Amino acid sequence: MSDNLARQFLLRDDVVFLNHGSFGACPRPVFEAYQGWQLELERQPVAFLGSKLLVERQKATRVDLAAELGTSADNVVGLTNATLGLNIVAQSLDLKEGDEILTTDHEYSALEKTWAYVARRTGAKIVVVKIPMPLLTEAQFTDTLIAAMTDRTRVLFLSHITSPSALVFPIERSVAEARRRGIWSVIDGAHAPGHIRLDLDKLGADFYSGNCHKWMMAPKGSAFLYVRPELQVLINPLVISHGWTADNKDPGVVGPFGNSPFVDSIEMQGTRDPSAWFAVSDALKFRNDNDWWNIADHCRQLAQDTAARLREMTGLAPLSAPEFCAPQMVAMPVPAIEDPLAIHDQLLADYGIEIPVFNWQAHSIVRLSVQGYNSKPQMDILLGALKTVLKL
Ligand SMILES: Cc1ncc(COP(=O)(O)O)c(C=O)c1O
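Residues numbered from 1 in each chain as written. Predicted model: local features only at pLDDT ≥ 70, side-chain atom pairs only at ≥ 80, totals over all residues. Heavy atoms only, no water.

### Observations concerning the site of the ligand
1) Next: Surrounding the ligand, one finds 14 residues, the nearest of these being Thr83, Asp188, His191, Asn211 and Lys214.
2) Next: A distance of 3.3 Å is found between an oxygen atom of the ligand and a backbone nitrogen or oxygen belonging to alanine 82.
3) Next: Contact with the protein chains removes 88% of the 390 Å² of surface that the ligand exposes when unbound.
4) Next: Taken together, the residues of the shell around the ligand sort by class into five nonpolar, seven polar and two charged. (Near = heavy atom within 4 Å. Polar contact = N/O pair within 3.5 Å; in protein donor to acceptor, adjacent residues only side chain to side chain. Areas by Shrake-Rupley, 256 points an atom, 1.4 Å probe, with all protein chains shown as cover. Nonpolar A, V, L, I, M, F, W, Y, C, P; charged D, E, K, R; others polar.)

### Here we look at the sheet that holds strand 12 (residues 363-369)
1) Next: Reading across from one edge, 9-12-11 is the order of the three strands in this open sheet, with antiparallel pairing throughout. The open sheet has two edge strands, strand 9 (329-334) and strand 11 (357-360), and neither has a second partner. With direction set aside, neighbouring strand axes in the sheet form an average angle of 40°. (Pairing = 2+ DSSP bridges. Helix = DSSP H or I, 4+ residues; strand = E, 2+ residues; numbered from the N terminus. Axes fitted to C-alpha atoms, helices over the stretch in contact; angles between N-to-C directions.)

### Some details on the pairing of strand 11
1) Next: Strand direction decides the pairing type here: strand 11 and strand 12, joined by four bridges, are antiparallel. Bridge pairing in strand 12 links valine 357 to valine 366.
2) Next: Hairpin remark: strand 11 followed by strand 12, antiparallel, with two residues in the connecting loop; positive phi at glutamine 361, about 50°.

### Some words on the sheet that holds strand 7 (residues 207-211)
1) Next: The seven strands are arranged 2-8-7-6-5-3-4 in an open sheet whose pairing can be described as mixed. Each edge of the sheet is formed by a strand with only one pairing partner; in this case those strands are strand 2 (76-79) and strand 4 (125-129). On average, each strand axis in the sheet is inclined to that of its neighbour by 20°, with strand direction left out of account.
2) Next: Looking at chain direction, strand 3 (residues 100-104) and strand 4 are connected through five bridges and run parallel. Directly across from isoleucine 101, in strand 4, lies its bridge partner isoleucine 126.
3) Next: Contacts from helix 6 (residues 82-92) reach strand 2, strand 5 (153-159), strand 6 (184-189), strand 7 and strand 8 (223-227) within the one sheet, and its direction differs from that of strand 7 by about 165°. (Contact = heavy atoms within 4.5 Å.)

### Details of the packing of aromatic side chains
1) Next: Tallied over the entire structure, the rule returns ten aromatic pairs.
2) Next: For the pair tryptophan 115 and phenylalanine 157, a centre-to-centre distance of 5.4 Å together with 50° between the ring planes defines the contact as tilted. Taken together, the positions of tryptophan 115 in helix 7 (residues 109-122) and phenylalanine 157 in strand 5 put the pair 42 residues apart, joining distant regions of the chain.
3) Next: Ring centres 6.3 Å apart and planes at 0° place the aromatic pair tyrosine 208 and phenylalanine 224 in the stacked group. (Phe/Tyr/Trp six-rings, centres within 6.5 Å; stacked < 30°, edge-to-face > 60°.)

Below, the structure is given as structure tokens:
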């Protein structure tokens, strides 16, 4: 939360960047490490991509990331984004007509489409539960979901941190109940890694996909898919390539590159640039060297203070109790806006502020993200701009 920290990022200094949530931002040392990997690839592609070194390096990142996520390296595999990870799961599960996919009304639109596609192909039905708002207690959330579980429920699909409402869903009890009933839990953790502390083995979800390019601050195109060991045999990659083996369902079989068939079949798919994935290790080192969880805590405070100041101006209630608000991202309700895109464009053109403004359910929302490069004076600029633009 200082100029010094802001200088570690490559963001334009004529933009007040308050939208870390959409695509993240990569610190300069991590970006340089990323470019270093790319340069090494370009200078000797065969040594980089065509040898055992690739397999070893991919594994090294899995080891580093798995330690951060509270699981083991064999349970995670690198891929380009959470959408891909969740598509692999959604399209692997054996669903049929009459099966139910239970989910909430806070999910990310791209994944709503994924499940709609799966439902259309399999005849399964999507059951959308309305989460009580404002979300004030864990029981409100969990009891609503459990009440909607039936004998036909095969999948429970939940965001860990939601996109439109920026809530941390308290998913633990629902995941445990799903397991007890033999329902597959599929968790969209796009916003979670580097934002909240994760312990995937303890959480016990069956499938979990998260992005490293958002809050972990790795380069764009770095993400992972976690699958509980017992269920890895269920996974079919979307692309069949060198890493696949026909015996992938047999117990004890090792993949063609020496990892589990699950890891090999997803990690080894044609020619691609693994630099963003390798740089996940560099991002973890950067975070560690800079005590980033501590910085994140200052960001949380600044985000909460800013939301409270805006509330004083609007008189509008928050979407949840503080414990369910994403630490570094707040969906701040504002008076009804007819054309949110026009407000977004005006904030950018007149004040240099990049921040998402949208209508969701009955709310008009300005979604504030606060990362280590942001500052209190930027929050003052935002509040001043909203006062004028929204006539508060
Ligand atoms: C909740 C949620 N899920 C999934 C995604 C998709 O992330 P990606 O585009 O990196 O796959 C996003 C992106 O913002 C998101 O907010």
